[in-house]
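Residues per chain, in single letters:
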Amino acid sequence: TPGVKPSVTKQPFRILPLDIYPSAVNTLLDALEVFAAPEPIEGYTCPKLHQPVTASKRTKVERFPPFVAFHLCRFRFDPYTATLTKIRKNISFPLTLKVPKFLYAGIDSPDDLVLYAVLNHHGTSTDKGHYTCFVRLSMMEWVYCDDSSVRPTTVEEIRTYVEEHVGIF
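Just so you know, the residues in each chain are numbered from 1, in the order the chain's sequence is written. Reporting in this predicted model follows two pLDDT cut-offs: at least 70 for local features of residues, and 80 or more for side-chain atom pairs to be given and counted; totals over whole chains, interfaces and linings ignore these cut-offs and use all residues. No hydrogens and no water enter the side-chain calculation; it runs on all heavy atoms of the structure.

Would you take a moment to explain the nonpolar core for this structure?
Nine residue types can take part in a nonpolar core, namely buried Ala, Val, Leu, Ile, Met, Phe, Trp, Tyr and Cys, and a core is a set of them joined through side-chain atoms within 4.5 Å. Buried means the residue's accessible area, taken with a 1.4 Å probe over protein chains only, is under 20% of the maximum for its type, while exposed means over 50%, and partly exposed covers the values in between. Within the largest apolar cluster, 28 residues are counted, with the highest numbers of intra-cluster contacts made by Leu-18, Ile-20, Leu-28, Phe-64, Leu-103 and Phe-134. For this core, the secondary structure elements donating two or more residues are strand E1 (15-19), helix H1 (28-36), strand E13 (141-146) and helix H2 (155-166). Put simply, DSSP marks the helices as runs of H or I at least four residues long and the strands as runs of E at least two long, and each gets a number from the N terminus on. The greatest single-element share of this core, amounting to 5 residues, is contributed by H1. By definition in these notes, contact holds between two residues if any of their heavy atoms fall within 4.5 Å. Setting aside residues no more than four positions away along its own chain, Ile-20 makes contact with Val-25, Ala-31, Leu-72, Cys-73, Arg-74, Ile-87, Lys-89 and Ile-91.

Hey, could you run me through the packing of aromatic side chains in this one?
Aromatic rings in a pair are described by how distant their centres are and how their planes are angled relative to each other. Only Phe, Tyr and Trp rings take part, Trp by its six-membered ring, and two of them pair if their centres are within 6.5 Å. Stacked means planes under 30 degrees apart, edge-to-face means over 60, and tilted covers everything else. Across all of its chains, the model carries 3 aromatic pairs by this definition. Seen in terms of ring centroids, Phe-13 and Phe-64 are 6.2 Å apart; in terms of plane orientation they differ by 75°. Their pairing is edge-to-face. In this pair, Phe-13 sits in the segment before E1 while Phe-64 sits in the loop between strand E5 (55-57) and strand E6 (69-73), placing the two residues 51 residues apart along the sequence. Taken together, a centroid distance of 5.0 Å and an interplanar angle of 45° make the contact between Phe-134 and Tyr-144 tilted. In this pair, Phe-134 sits in strand E12 (residues 130-138) while Tyr-144 sits in strand E13, placing the two residues 10 residues apart along the sequence. For the pair Phe-134 and Tyr-144, a shared accessibility class is recorded, and that class is buried.

Looking at this model, I keep getting lost on unusual backbone geometry. Mind explaining?
Across residues other than glycine, the phi torsion is negative in most instances, and most of the peptide bonds are trans. The residue Ala-82 is not glycine, and still its phi comes out positive at about 55°. Structurally, Ala-82 is set in the loop between strand E7 (75-78) and strand E8 (83-86). Judged by relative accessible area, Ala-82 falls into the exposed class, the value being 55%. At Asp-147, a position not held by glycine, the phi torsion is positive, near 55°. Tracing the backbone through its elements, the reader meets Asp-147 in the loop between E13 and strand E14 (149-153). Residue Asp-147 is classed as exposed on the basis of its relative accessible area of 64%.

Structure representation (structure tokens):
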């Protein structure tokens, strides 16, 4: 629309909540595309033109913090039952992520993002369950944490475990 400029709001972050409910979301990249996709703003009236205009908003990252958490939103509100349900689907993700251009708004190319941990929720409901975690100690060394138990593990074991129990890798 003539006379209307894009506006930018900058906001620091450490966690990116990613919607994995859409059927087209099967990978971390798919979830990032949904996160960065333009969203229409219905009924927006331009303050300069004083008339309705087509408007949208989108999220891009100008600079990543040293550590960022990708939160795969595995719980969804069901309006018919008025309850939260757990989304149980496979979401694959890489050990190293090259930041896609559709997500990045900075000038210089960002460094690749390296996976340092995978947090797992065990259980089928939202109100109970158990959490475990895989943590990278170095580029070649991983551990599995389960309450007070910590033991060495391998990427192969993580892949197998996550595919069988959580459905993501």
